[in-house]
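# A look at the structure
The primary structure of each chain is shown beneath.
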Amino acid sequence: TYTIDKQNLERMGLMMFQVVMLLASLAGYLEALIPLLVLLALALAFVLVRKSDTKPKNEKFRSTAASVEAKVWGKPSAWPLVGQVIHGVSLGGAVSVYLLNLWRHDRVS
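Residues numbered from 1 in each chain as written. Predicted model: local features only at pLDDT ≥ 70, side-chain atom pairs only at ≥ 80, totals over all residues. Heavy atoms only, no water.

### Let's talk about the overall build of the protein
Along its length, the protein carries three helices and zero strands. Reading the protein from its N terminus to its C terminus gives the helix and strand order α-α-α. In the structure as shown, the protein presents an accessible area of about 10,600 Å², 70% of it carried by carbon and sulfur atoms. (Helix = DSSP H or I, 4+ residues; strand = E, 2+ residues; numbered from the N terminus. Areas by Shrake-Rupley, 256 points an atom, 1.4 Å probe, with all protein chains shown as cover.)

### Points about the side chain of Asn8
Here Asn8 lies in the segment before helix H1 (9–52). Contacts of Asn8, omitting those with residues within four sequence positions, involve Thr3 and Gly13. (Contact = heavy atoms within 4.5 Å.)

Right, here's the structure in full:
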């Protein structure tokens, strides 16, 4: 274990500050990198599935594939949009209540 005393305060303080800055920058870097990697993996999966399902082997399966495609890619649902709006409103409300609470405590003190 490392101990900080009067003799190595400057050297150890600098090293610990560099370690903390490295960990903080790594956390920020991964926060941006991980969603990008997930997005690329999903895009690759969609491309591979689309390439493997380009043409059916005979006419019997072609009509089945067309009916399945019509059912899958039919009219889109509005529920995901409704869920996003509810989530955004609730998150915005929670943040505003928190900030108002901070502001009120600062004004009182």
